[in-house]
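# What the coordinates show
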Amino acid sequence: MWNDELEELFLRTGHRFQRVEPRRRMRDYIRGLLGPVGRKNGWQLAEYAGHRTPDRLQRLLNGARWDADELRDDLQHYVAERLGEPDGILILDDTGFLKKGTTSAGVQRQYSGTAGRTENCQIGVFAAYATTRGRALVDRELYLPKSWTDDRDRCRAAHIPDERAFATKPDLAKTMVLRAIASPLPIAWVTADAAYGQEWRLRRMLEETGVGYVLAVPKSQQVPHFGRVDHLFSQAPTEAWERRSCGDGAKGPRVYHWAALQITSIEDFDGEMPTRQRWALARRSISKPDEIAYYLAYAPLGTTIEHLVRVAGMRWAIEEAFQAAKNECGLDQYEVRRYTGWMRHITLAMLAHAFLAVMAVMAVMAVMAADAAAKGAAETVPASRPSPWQKFGDSWQLATHPTLFNHPSSAHAH
């Protein structure tokens, strides 16, 4: 099953590499990212592939002619087909990649949520796709600080395209959302942390495209007609807070106290009847009631609070995807400095991670199919029939079971 699915993935993506050499090296690279390689850098990946030096794999990342964005499009098709569901959720977040020196594209001392402090690092903004079937990273952009975009000579040295101007992380996220909406991925919701949720342009764009959202916001977030969101929920009555699970975590269900308030019903942008609802939500820790997180939401009329809470809880899926992609597919173990090399390595690592996500789904389905087959086989075994022998006193006689033995022919048998 593993090899068949991997070959299918290679067939899907091979046409992006017009020459045989880079096509083979792509296969070597993906197999290395999926293989039992200690640290997935150039030398160890080359050794795993049977190469004497990492030159051919480095050429795949830096010199060969192929488009990482086209491969990303194939990745989105693959995830849509294997993991897609109508209620799919797109998750936005960024992660840091610690680096030394000053020549790697986009590197500078900047805050990294991954490290929890300011470090010399690159920041990648990502989109993940999640359903009940699985989750996978589906898009990426390298954040370029103004120290880079204001220095075009420095950008050219790192092979950063001339058209790449400064863009905030929420701007990069909006670009990826629009790409995802235009892709085959079925997307009903977008969720993200407060760094992205507080961006009103992102919320407005989602409303205009008819995509629901549950976005975290800071406690100072202004709610039209109500003031600060934290002040709004400080007035909530005790009975407004209810225990709800927002999904399972590593230690079981993530249970909090949740409160939700409908803000406004709004008209569809193409009609006159209200079809959507804006909400404000708050999530309060049960053990530490002073720890409260806030959200703004936009959803079709009739959406339940349980559904909004579930969407909010799916934000953690991208953190799990980051961890899996780094630990299992070498997402952060690259040795490239140029922009093109970064985009290519990250895309290939995302493709490897998506393959693992699909294999996990297929493994579950195989177990379910085996269980169903075993159950079906058990049901086809003839039911045990009551014994026709019964003991009466010291002797045995044929029973006269009302179903099995009171048949006209059985009377003659007696």
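Structure: see above.
So, here is what we can say about the structure in this document. (Residues numbered from 1 in each chain as written. Predicted model: local features only at pLDDT ≥ 70, side-chain atom pairs only at ≥ 80, totals over all residues. Heavy atoms only, no water.)

### Points about the overall build of the chain
Secondary structure assignment for the chain yields 15 helices and 14 strands. Looking at the chain as a whole, 48% of its 414 residues qualify as buried. Considering only residue pairs separated by 6 or more positions, the chain has 63% of its internal contacts joining residues 24 or more positions apart. Carbon and sulfur atoms form 51% of the exposed surface of the chain, whose accessible area is close to 21,200 Å². (Helix = DSSP H or I, 4+ residues; strand = E, 2+ residues; numbered from the N terminus. Buried < 20%, exposed > 50% of the residue type's maximum accessible area, 1.4 Å probe, protein only. Contact = heavy atoms within 4.5 Å. Areas by Shrake-Rupley, 256 points an atom, 1.4 Å probe, with all protein chains shown as cover.)

### Things to note about the packing of aromatic side chains
Applying the stated rule across the entire model yields 11 aromatic pairs. When the ring of Phe17 is compared with that of Trp66, the centres are 4.9 Å apart and the planes differ by 45°; the resulting orientation is tilted. Taken as a pair, Phe17 in the loop between helix H1 (2-13) and helix H2 (20-34) and Trp66 in the loop between helix H4 (55-62) and helix H5 (68-83) lie far apart in primary sequence, 49 residues in all. Like Trp66, Phe17 is buried. Measuring from ring centre to ring centre gives 6.2 Å for Tyr143 and Phe166, while their planes differ by 70°; the resulting arrangement is edge-to-face. In this pair, Tyr143 is assigned in the loop between strand S4 (135-142) and helix H6 (146-149) and Phe166 in the loop between helix H7 (152-157) and helix H8 (169-182), connecting sequence segments 23 residues apart. (Phe/Tyr/Trp six-rings, centres within 6.5 Å; stacked < 30°, edge-to-face > 60°.)

### Concerning the environment of Glu5
Inspection of the secondary structure puts Glu5 in helix H1. In this structure Glu5 touches Tyr78, Arg82, Phe355, Val358, Met359 and Met362, once residues within four positions along its chain are discounted. Only 2.7 Å separates the side chain of Glu5 from the side chain of Tyr78, close enough to count as a polar contact. (Polar contact = N/O pair within 3.5 Å; in protein donor to acceptor, adjacent residues only side chain to side chain.)

### With respect to the side chain of Lys99
When you line up the elements, Lys99 lands in the loop between strand S1 (89-98) and strand S2 (108-112). Glu335 is the oppositely charged side chain nearest to the buried, salt-bridge-free Lys99, at an N-O distance of 7.9 Å. Those residues within four positions of Lys99 in sequence are excluded, and the remaining contacts are Ser104, Val107, Asn120, Cys121, Gln122 and Tyr334. (Lys, Arg positive; Asp, Glu negative; His and termini not counted. Salt bridge = Lys/Arg side-chain N within 4 Å of Asp/Glu carboxyl O.)

### Overview of the side chain of Thr303
Checked against the element boundaries, Thr303 lands in the loop between strand S12 (292-300) and helix H12 (305-313). Taking relative accessible area as the criterion, Thr303 reaches 14% and is therefore assigned buried. One polar contact links the side chain of Thr303 to the main-chain carbonyl oxygen of Pro300, over a distance of 2.7 Å. Aside from chain neighbours lying at most four places away, what touches Thr303 is Trp189, Trp279 and Leu308.

### Notes on a positive patch on the surface
A contiguous patch of positive charge on the surface is contributed by Arg19, Arg52, Arg56 and Arg59. Here Arg56 lies in helix H4. (Patch = residues over 30% accessible without salt bridge, like charges linked within 9 Å, V, L, I, M, F, W, Y side chains within 5 Å. Charge placed at Lys NZ, Arg CZ, Asp CG, Glu CD.)

### Looking at the nonpolar core
Ranked by internal contacts, the top residues of the largest apolar core, which has 109 residues, are Ile30, Val79, Leu90, Leu92, Leu137, Leu206 and Leu348. When near neighbours in sequence (up to four residues on either side) are disregarded, Leu348 contacts Met26, Tyr29, Ile30, Leu33, Leu60, Leu61, Trp66 and Leu71. Membership of the second largest hydrophobic core comes to 12 residues, among which are Val223, Trp241, Ala282 and Leu296. (Core = buried A, V, L, I, M, F, W, Y, C linked by side-chain atoms within 4.5 Å.)

### A word on H1
One full turn of an α-helix is made of 3.6 residues, so residues set three or four places apart face in the same direction. The first and last C-alpha atoms of H1 sit 17 Å apart over 12 residues, in line with the 16 Å expected at 1.5 Å per residue. Those residues of H1 that sit buried are Glu5, Leu6, Leu9, Phe10 and Thr13. For H1, the arc enclosing every buried residue in end-on projection is 140°, short of the 170-degree limit, so these residues lie on one face. In H1, the exposed residues that point more than 90 degrees away from the buried face are Asn3, Asp4 and Leu11. (Expected span 1.5 Å × (residues − 1). Arc of directions from axis to C-beta.)

### A word on the environment of Asp73
Structurally, Asp73 can be placed in helix H5. Looking at Asp73, the relative accessible area reads 28%, which means it is partly exposed. Taking the C-alpha atoms as reference points, Asp73 and Arg179, separated by 106 residues in sequence, lie 9.2 Å from one another.

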